[in-house]
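Examination of the molecular architecture
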Amino acid sequence: MDRYPKYLRYGIAEKKPSVLDQHFPVIGDGPLNGKRFYPRIEALERYIESEEQSVRFGAAAFCRFLHDTIAVEHNLVIPAIASLQYLPFRIPERPMEDLFLLVADEGHHAAQAVTFLNSIAERFSFEYQERRGALPLFLSRLNEINAALHGASQVNVSNVVAGVVTETRVSIELGEFSRNNDLVDEVRGTCRSHQEDEVVHASQFRALGAWMWAAIPDESRDLVCELFARILIARSLPDAGRIGFFLQQVTSIPKERCREIVKEIYTPEVLEAEVLKAAKPTLRYLDAIGIANTPSFRKTYRGFDYGTA
Ligand SMILES: [Fe+2]
Ligand SMILES: [Fe+2]
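Presented here is a report on the structure given in the accompanying data block. The structure displayed is predicted, hence computed values, not measured ones. In this numbering scheme, every chain counts its residues from 1 along its sequence in written order. Starting at A for chains and at 1 for ligands, labels are handed out in the order in which the entities are written. Only residues with pLDDT of at least 70 get local features here, since the model is predicted, and only at 80 or more are side-chain atom pairs given and counted; chain-wide, interface and lining totals rely on the full set of residues.

Here we come to the overall build of the protein chain. In this text, helices come from DSSP runs of H or I with a minimum length of four residues, and strands from runs of E with a minimum of two, each type numbered from the N-terminal end. Each helix and strand counted, the protein chain has 12 helices and zero strands in total. For the protein chain, the succession of helices and strands along the chain, N to C, is α-α-α-α-α-α-α-α-α-α-α-α. Compactness check: the protein chain gives a C-alpha radius of gyration of 20 Å against a globular reference of 19 Å for 309 residues, within 12% of the reference. With the C-alpha coordinates aligned to their principal axes, the bounding extent of the protein chain is approximately 60 × 45 × 30 Å. Out of the 309 residues in the protein chain, the part that is buried amounts to 37%. Note that contacts rest on C-beta atoms placed from the backbone: two residues are in contact if these are within 7 Å. Considering only contacts in the protein chain between residues 6 or more positions apart, those separated by 24 or more positions represent 81%. For a compact globule the rule gives 2.2 Å times the number of residues to the power 0.38, and the radius of gyration it is set against comes from C-alpha atoms. With C-beta atoms placed from the backbone, a residue is labelled by how many other C-beta atoms lie within 10 Å of its own: buried for 20 or more, exposed for 12 or fewer, partly exposed between the two.

Residues separated by three or four positions in an α-helix point in the same direction, a consequence of the helix having 3.6 residues per turn. With 31 residues, helix 7 (residues 185–215) ought to run about 45 Å at 1.5 Å a step, and its terminal C-alpha atoms sit 44 Å apart, in line with that. In this analysis the local bend is the angle between axes fitted, respectively, to the seven residues ending at and the seven residues starting at the residue. The largest bend along helix 7 measures about 25° and falls at Asp197. Helix span is expected to be 1.5 Å times the residue number reduced by one.

This part takes up unusual backbone geometry. Here Asn33, not a glycine, exhibits a phi torsion of approximately 50°, which is positive. Take Asn33: it is sitting in the segment before helix 1 (42–45). Given 7 C-beta atoms within 10 Å, Asn33 falls into the exposed group. Look at Ser125: it is not a glycine, yet its phi comes out positive at around 35°. Among the structural elements, Ser125 can be located in the loop between helix 3 (93–124) and helix 4 (137–147).

Counting residues in each nonpolar core, the largest one holds 76 residues, and the members touching the most others are Phe62, Val161, Phe228 and Ile231. Considering every element that reaches this core, the biggest residue donor is helix 2 (residues 51–82), with 14 residues. Leaving out residues up to four positions away in the same chain, Phe62 has contacts with Phe37, Tyr38, Ile120 and Val187. Take the buried Ala, Val, Leu, Ile, Met, Phe, Trp, Tyr and Cys residues, join any whose C-beta atoms are within 7 Å, and the set you get is a nonpolar core.

In this structure, Leu139 sits in helix 4. Looking at Leu139, the number of C-beta atoms within 10 Å reads 19, which means it is partly exposed. Here the alpha-carbon distance between Leu139 and Asp68, two residues 71 residues apart in the chain, equals 8.7 Å. Contacts of Leu139, omitting those with residues within four sequence positions, involve Ala71 and Asn75.

So yeah, pure geometry; function would need other evidence.
Here it is, written out as C-alpha cells:
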C-alpha cells in the first residue's frame, strides 16, 4: 500500500467532537413514562416477576454497559493510540496526529459514562459489580492475551488490534441504542452524541487497520491474524456471570438458581451466536481488508471452544 487510506476527520463536514460541549446527562427521580434503560433480554423475561423488576434489570444492564464503556475508553482505545509510536512499522505523521486527537474524545466519553452511571445506580440503589474493583470480563481476557505475548512490541501491536476491533463496531452498537424508541431520552441522547464521534473514529481506525495489515513485517502477519480472531471473540462474549448477578439482585430468585438459569440460557451454541452477532461489523471489515480469509485467522476464530468460555 503506497498511500495511507482516506478517512474522516473533524473540521470537515461540520463535524465537531462532543467533548467541546461538556454535556454530562444524569438521571434524576422523575417519571420514566414507560421507557427503559436497556432492550429486554427475551430469554430472561420469563424469570422476571414484574415490569418494575424488568426496568430495574435493564437499568443494571445499562450500568454494566457504561462500566464497560469506561474500561474500553481508558484501558483499550487510549492505550491503542498510545501504542502507535512504538510499532514495528511506520504510521505517517498526519494520520497519527489525527488519531492522537481522539484521546480527548475517549476521555470525555468515559467521564460522561461515569456521571451517568452513578446517577442511575443511585436512583435504583443497586450494585452493578459483584466484586468491587473487578475488571470487566473482556478486559481480563485481553490482559490474558497480552500476558502470553513476547515483548513490548507484540503487546503494542495487540493494543492496536484491540483498538481496530472495538472502533469498527462501537458506532453501530451505539446507533442501535440511539434509534431505540423504548429507551429513555437521556440514554438515547448520550448514545447519539457518542455515536457521532465514533463515526469519525471508526473511519480512522478502519484506515489504520488497512495500513497496518499492508505494513506489518512478514514474520508478524500470522500473529496479527491470530490476535484479530482472539480479541474479536474476547470483546464479543457476553458476560453471563454478571447477567446472573443482576437477575439475583432484581428478583427473589436465590443466587444458585440464578447461576443455573444463565447457564441454561447461555449454552455454547448461544454464546457462539451472540459472538457472531456482535462481531459482524468487524468481520465484514476484516473480510474487506483480506484478514478474515487468512488460514491463521480462520483457524483461531473457528477453533475457539465455546464450551470452556
Ligand atoms: Fe468512545
Ligand atoms: Fe472511539
